[in-house]
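The residues making up each chain are set out below.
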Amino acid sequence: VVAGSTVELGCSVQGDPAPRVQWHKERGDLPWGRHEVDQEHTLRLYAVTPADAGTYVCTAQNPLGTAATTARLRV
């Protein structure tokens, strides 16, 4: 993506009971004050910078187990 743009990373989950969903960045933190996660578990990063490049992990967890997927971002 181009620096300064907004990025959306989707994470589609389902389960019964409904899983708890969390996003994190490998080897770093989500950009403070420049990210949000909506009701559909989509992670939005605003005004991305080269420091935001890396691998982002979406983890879904409920009492029956855990599942995770990754997205790689290049700026």
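Residues numbered from 1 in each chain as written. Predicted model: local features only at pLDDT ≥ 70, side-chain atom pairs only at ≥ 80, totals over all residues. Heavy atoms only, no water.

### Structural notes on the UniProt feature "domain: Ig-like" (unreviewed entry) in the chain
Residues annotated in UniProt with the feature "domain: Ig-like" (unreviewed entry) correspond here to residues 1-75. This span, residues 1-75, is 0% helix and 44% strand, and a straight line between its end C-alpha atoms measures 5 Å. (UniProt positions renumbered as here; feature names shortened; annotations may be inferred. Helix = DSSP H or I, 4+ residues; strand = E, 2+ residues; numbered from the N terminus.)

### Things to note about unusual backbone geometry
A cis amide bond links Asp16 with the next residue in sequence, Pro17, at an omega value of 5°. Counting through the fold element by element, Pro17 comes out in the loop between β1 (7-9) and β2 (20-25). Unlike most non-glycine residues, Arg27 shows phi in positive territory, near 55°. One can find Arg27 in the loop between β2 and β3 (35-37).

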